[in-house]
Amino acid sequence: MSKIAYIDNKPYEIQNGETILAFLKRNFGNDYVPTLCDAPNLDPYGACRVCSVDVALAENGPVKSQASCHTPVMENSYIYPHSERIQKLRKNIVELVLTDHPLDCLTCEVNNNCELQTVAAKVGVRDVRYAPGKNHLDRKKDLSHAYMTSDLSKCINCSRCVRACDEVQGQFVLTMAGRGFDAHIVKGMDQTFEQSDCVSCGACAQACPTSAISDIFESKSVANVQKTRTVCTYCGVGCNLEVASQNGKVKSIQAPYAAEANQGHTCLKGRFAFSFYNHPERLNTPLIRKNGKLEPASWDEAYNYIATELRRIKNNYGADYIAGISSARCTNEENYLMQKFIRAVIGTNNIDSCARVCHSPTALGMQRTFGTGAATNSIKDLKYTDCMMVIGANPTDAHPVTGAKIKQQAMKGKTLIVIDPRRTELAKYAHYHLQLRPGTNVAMLNMMLYYIISEGLEDRSFIEQRTEGYEEFRKQVLSQNIDELQEITGVDKNLAREAALAYANAKAAMSFHGLGVTEHSQGTFTVMLIADLAMITGNIGKRGCGVNPLRGQNNVQGAADMGCQPHQGAGYLDVTDPNVHKLYEDFYGAKLPDYIGYKIPQMYEAALDNRLKAMWVIGEDMAQTDPNTQHVVNALSKLDLLVVQELFMTETAKLAHVVLPGASFLEKDGTFTNGERRIQKVQKVVEPIAGAKADGQIIVDMMNYMGYKQDDYNPATLLAKEISQIVPFFAGVTWENLGDNGKQWPVAKDGTDSDLLHIKEFKRGKGKFIHASFKESKELEQHADEFPYIITTNRELEHYNCGAMTRRTNNAKILTEDVLMIHPSDAAKEKIENGDMVCVISARGKVDIKARITDEVKPGILSSTFHFPEIMLNNITSSVHDSEALCPEYKVVACKIRKSKGQYKKAGSRKAAMLLKK
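It is worth spelling out the overall build of the chain at this point. Scanning the chain from N- to C-terminus turns up 29 helices and 36 strands. Relative to the compact-globule value of 29 Å for 918 residues, the chain shows a C-alpha radius of gyration of 29 Å, a close match. Over its C-alpha atoms, taken along the principal directions, the chain stretches across nearly 90 × 70 × 65 Å. The buried share among the 918 residues of the chain stands at 65%. Taking all contacts inside the chain whose residues are at least 6 apart in sequence as the whole, residues at least 24 apart take part in 73%. As displayed, the chain offers around 33,900 Å² of accessible surface, 48% of which is attributable to carbon and sulfur atoms. Both charge centroids of the chain, one from 107 positive and one from 106 negative side chains, sit 2 Å from each other.

With that settled, consider empty space enclosed by the protein. Enumeration over the complete set of coordinates arrives at eleven cavities of 30 Å³ or more. The computed volume of the largest cavity comes to approximately 590 Å³. Mapped onto the lining of the largest cavity, the elements with two or more residues apiece are helix H17 (515-518) and strand E31 (789-793). Broken down by class, the residue content of the lining of the largest cavity amounts to 13 nonpolar, 17 polar and seven charged. In terms of lining residues, the second largest cavity is bounded by 24 residues, among which Arg329, Gly619, Glu646, Leu647 and Met805 are the most central. Within the lining of the second largest cavity, the residues separate by chemical class into eleven nonpolar, eight polar and five charged.

Counted by the stated rule, this structure contains 45 salt bridges. A salt bridge links Asp586 to Lys582, with the shortest nitrogen-to-oxygen separation between them at 2.8 Å. Within this pair, Asp586 and its partner Lys582 are both found in helix H20 (residues 578-588), separated by four residues, close to a single helical turn. The residues Asp586 and Lys582 share a single accessibility class, namely exposed.

Moving on, we get to helix H7 (residues 299-317). For H7, which comprises 19 residues, the first-to-last C-alpha distance of 27 Å matches the rise-based estimate of 27 Å (1.5 Å per residue) to within 8%. Residues Trp299, Ala302, Tyr303, Ile306, Ala307, Glu309, Leu310 and Ile313 constitute the buried set of H7. Residue Gly318 follows H7 closely and has a positive phi angle near 115°.

Attention now goes to the pairing of strand E36 (residues 893-899). Bridging between E31 and E36 involves three bridges; their strand directions are antiparallel. Residue pairing in the sheet places Tyr789 in a bridge with Cys895 of E36. Note that strand E33 (residues 837-841) and E36 share four bridges and pair antiparallel. Paired with Ile841 across the strands is Lys896, a residue of E36.

The subject of this paragraph is the sheet that holds strand E10 (residues 213-215). Spatial strand order, E6-E7-E10: three strands in an open sheet with antiparallel pairing. Lying at the two open borders of the sheet, with one neighbouring strand each, are strand E6 (141-142) and E10. Pairing of E6 with strand E7 (residues 148-151) involves two bridges; the strand directions are antiparallel. Residue Lys141 lies in a different strand from E7, and its bridge partner there is Asp151.

This brings us to a nonpolar patch on the surface. On the surface, a cluster of nonpolar side chains totalling about 230 Å² of accessible area is made up of Leu96, Val128 and Tyr130. Within the secondary structure, Tyr130 is located in the loop between helix H3 (115-122) and E6. The class of Tyr130 is partly exposed, set by a relative accessible area of 33%.

The geometry of helix H8 (residues 332-346) relative to helix H25 (residues 715-726) is characterised by a closest axis approach of 10 Å and an angle of 60° between their N-to-C directions. Judged by the angle between their axes, H8 and H25 are oblique. For H8 against H25, the interelement crossing comes out left-handed. Listed contacts from H25 to Asn332, Glu333, Tyr336, Leu337 and Lys340 of H8 are Pro715, Leu718, Leu719, Glu722, Ile723 and Ile726. When the residues that make up the contact of H8 with H25 are grouped by side-chain class, the tally is seven nonpolar, one polar and three charged.

Here we come to H8. In this model, H8 (15 residues) spans 20 Å end to end at C-alpha, consistent with the 21 Å of a helix rising 1.5 Å per residue. Helix geometry: H8 is bent most strongly at Lys340, by close to 30°. Burial runs high along H8: 15 of the 15 residues are buried. Residue Gly347 follows H8 closely and has a positive phi angle near 95°.

Attention now goes to the sheet that holds strand E28 (residues 678-682). Taken together, three strands build an open sheet; the order of strands is E27-E28-E29 and the sheet is antiparallel. The strands lining the two open edges of the sheet, one partner per strand, are strand E27 (670-673) and strand E29 (743-744). Of the pairings in the sheet, the one linking E27 to E28 comprises four bridges and is antiparallel in character. Bridge pairing in E28 places Phe672 opposite Gln680. Here H8 sits on the sheet in contact with E27 and E28, set at roughly 95° to E27.

Before going further, it helps to spend a moment on the environment of His279. Locating His279 in the fold gives a position in the loop between helix H6 (268-272) and strand E14 (287-290). Filtering out sequence-adjacent residues up to four positions away, His279 remains in contact with Phe648 and Arg808.

A few words now on the packing of helix H12 (residues 441-454) against helix H16 (residues 493-505). Viewed as axis vectors pointing N to C, H12 and H16 meet at an angle of 65°, and their least axial separation amounts to 8 Å. You can see that H12 and H16 cross each other, and the crossing is right-handed. Counted together, Met444, Met447, Met448, Tyr451 and Ile452 of H12 and Lys493, Ala496, Arg497, Ala499, Ala500, Leu501 and Ala504 of H16 form the full contact between these two elements. Residues of the contact of H12 with H16, tallied by class, amount to ten nonpolar, no polar and two charged.

Moving on, we come to unusual backbone geometry. Trans is the common state for peptide bonds, and a negative phi is the common state for residues other than glycine. Residues Trp745 and Pro746 are joined by a peptide bond in cis, for which omega reads 5°. Counting through the fold element by element, Pro746 comes out in the loop between E29 and strand E30 (767-768). In this structure, Asn291 takes a positive phi of about 55° despite not being glycine. Relative to the elements of secondary structure, Asn291 occurs in the loop between E14 and strand E15 (293-296). A relative accessible area of 86% means that Asn291 is categorised as exposed. Even without a glycine there, the phi angle at Met872 is positive, about 50°. Along the chain, Met872 turns up in the loop between strand E35 (861-864) and E36. Judged by its relative accessible area of 13%, Met872 falls in the buried class.

Conventions and cut-offs
Sequence order as written defines the numbering, with residues in each chain counted from 1. Confidence filtering applies because this is a predicted model: local features only for residues at pLDDT of at least 70, side-chain atom pairs given and counted only at 80 or more, and all residues used for totals across whole chains, interfaces and linings. In computing side-chain properties, one takes all heavy atoms of the structure into account and sets aside hydrogens as well as water. For helices the rule is a DSSP run of H or I covering at least 4 residues; for strands it is a run of E covering at least 2, with both sets numbered from the N terminus onward. Values of the radius of gyration come from C-alpha atoms, whereas the globule rule sets the reference at 2.2 Å times the count of residues to the power 0.38. Throughout this description, buried means an accessible area under 20% of the type-specific maximum (1.4 Å probe, protein chains only), exposed means over 50%, and partly exposed covers the range between. Note on contacts: a residue pair is in contact if any heavy atoms of the two residues lie within 4.5 Å. All accessible-area figures derive from a Shrake-Rupley calculation using a 1.4 Å probe, and residue coverage is judged against the displayed protein chains alone. All tallies of charge rest on Lys and Arg as positive and Asp and Glu as negative; His and the ends of each chain are not included. Charge placement uses NZ in Lys and CZ in Arg. For Asp and Glu, CG and CD serve respectively. Grid points spaced at 1 Å and placed over the protein atoms alone form the basis of the search, with a cavity being a set where a 1.4 Å probe fits but cannot get out and a pocket an open set showing protein on both sides within 12 Å along at least five of seven lines. Lining residues have an atom within 4 Å of a point. Grid points are joined across faces, edges and corners, and a volume is the space filled by probe spheres set on the points. Under the scheme applied here, ten amino acids are nonpolar (Ala, Val, Leu, Ile, Met, Phe, Trp, Tyr, Cys and Pro), four are charged (Asp, Glu, Lys and Arg), and all others, including Gly, are polar. For this analysis, a salt bridge means a side-chain nitrogen from Lys or Arg found within 4 Å of a carboxyl oxygen belonging to Asp or Glu. Helices are assigned an expected span. That span is 1.5 Å times one less than the residue count. Strands are treated as partners if at least two bridges between them are detected by DSSP. Patch membership requires over 30% relative accessible area and the absence of a salt bridge. Like charges are linked within 9 Å, and nonpolar side chains (Val, Leu, Ile, Met, Phe, Trp, Tyr) within 5 Å. In this description, a line fitted to the C-alpha atoms serves as the axis of each element, helices being fitted only across the stretch in contact, and the angle between N-to-C directions of two axes falls anywhere from 0 to 180 degrees. Any angle that is under 35 degrees is reported as roughly parallel, and any over 145 degrees as roughly antiparallel; angles of 65 to 115 degrees are reported as roughly perpendicular and all others as oblique. Two helices cross in a left-handed way if the nearer one is turned anticlockwise from the farther one by less than a right angle. They cross in a right-handed way if the turn is clockwise. Bend is computed residue by residue as the angle between axes fitted to the seven residues ending at the residue and the seven residues starting at it.

If you want it as structure tokens, here you go:
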């Protein structure tokens, strides 16, 4: 029987755990009761009391005013939201707030979008009867930061900014100091935004009901702006963005509270790092190399040059002398067209994407064990989990919104296991940090599996009903020498046991892995062991568990889904299967090859061996970001034709014969698929800059130029007429039914989507246990004696991959250089001081980079990034690859170090200076 409460003496059904405010909003809308301290993504707080209502326990009984935001609604209670005495109370509260607030509404940046202004009008304030206060009115503005601003004279002490920093980001930069009338917001140790530990996520600015905290873009201003919903172009979280534009230019970005992917939160890249889109260095005309120099050309000239060269190479050498590399930064539709162009127009399976250099081992390993290579669960499952294992990932930097959610759950007491060579931010919150030697993930997971089996903690029911190959797997695990594994990993076996038992004993355990798993010579085997760990404990097919890869780029999932790999076409169908081959030929109306093409590393080898003559690259800067830079540059330099589609003149574009100016995510329509399989609409905010074209349009133009009839480029039509017809798990996807929050594949023909996989059975039928034993990297086998240190690569919060976009925003004011993490004992041994330039030497070459002495890494381990072309860190990384998927081994590089002969360079940014001090 349903429970009821009464609003103005009329009965309404209540829901368990509902507050009075939620009850009123559900029945009468969000604006029915005024609030100031309440926000959609924050816990109830009860600071302002503007939401107060009268409550009685019986009809016509005595009433008591209560703050509706944090008071649970009681069964059979009588609520009077707008009684005369409540209206007087609200008006009185707002008047008191206004005594300490400047009345400059008409010139304020949030005029007509100020919650205080709206509430004052709603409660009927026409004048203020009280004397003005003296607290906030003399507060100075803080304009010190690259993005964040504050004018605390506008502060109303609602604490929303403090709670956003605590409850959403978990950074604890803001707090309330003082008491009574002296209460005021401070940053850090009463510092400026720039001096504080602020990570620039902007959650506080979005939460602020006035303009007390804002940003340089005045993102809460609504003066003459048009708003467009789209999806972020950076990492695989897939944050929804609400972009404000004005006169054809992007003005600012906020995060929609109703977005399922990010719930009103985003990082500094998504919220603030958009100004690259109209940067003066954007490419704005096609370029053709003439007499060794890239010269401006018309689109027709560029298309004709490319078509002529492609035909010549195909006629003289064959289609397999041509290859394409698509982009995870492009839309699904553009990736689909690129693989179709290479296969149906050129006639080769030599198509790959940057998934090769990040998560190709994830796809392969999970396909072998589960039957599908995508995340089994959704990020919302963090609410339901009891244990989180983060292996080879630093999500607070690389996937900040997901990282913040994991951190929040850890701070609330849920078990957190971090397996990482670095003491990352999450490691500081972990119950168990297994700080292993880089490259020993397989040994580490074998230790955990050994203890789970030897202590009888397997889920026998799940194993018997849902899996195969367990008995042989069990024998292989138990044959491992646990003391040898301890020696290999450098992790105490007792700590490994404790972590293993915590994972196995949890009612629901959820794993997350990143490039620290995949970018190893045993990357695929590591992924399979993570899958084994989930299956052996029954952590698949239910809430709060699963295997969840943290995709490095915004659409790396989609690029693979669309067929940008040489062994599988659109929808992961095997190109060598005769039935699949016929299906593709019939669908595309073209003759296609029925054998596997080149993966990216094989393309380089083929170019050096004169077996590859042409390459078309979209949005990838391999000359900066792929390992063993000189090897890559030599390969690209041997090509007869290198076509690069780009936003900027990258290191790879500098080598090209033809450069084509593409469009940014703000200038195109389409879809991205995030790391939880969520297909979301990318919607054009502004027109492409003059001279540039959407990447999909360029491909369609070239398809038609080469004699293949492809319909005019329209992402919505392409989605309906082609992609949903050939990609099985897109069967029910249409532009219209994606709505604001998208759909998680597989999507049935009736539009039903799936936020949880493998509920009753795996894609392959039964999950398959596959064991792997540890094998040392060839890099260390060959070079460890001469090069005793190991350097591993990572990513910083402020930048993304090669930094082509973020370096052209104010992010470069926060972090302007790559640095080398080095343990104090190693620094002392090598006579290196903090801030010294260090020469890092490997078998491939050397780089000079500034030292940051820190205990975040163990002795013998170094770590750095490759965001800046001035350093070109990949000059020292190797060509060793994952044995199965050919993903490069960025994470294990043998090297030696010495103090550089060059001079000390002053830290060039706030963050660099702060890090060096630490």
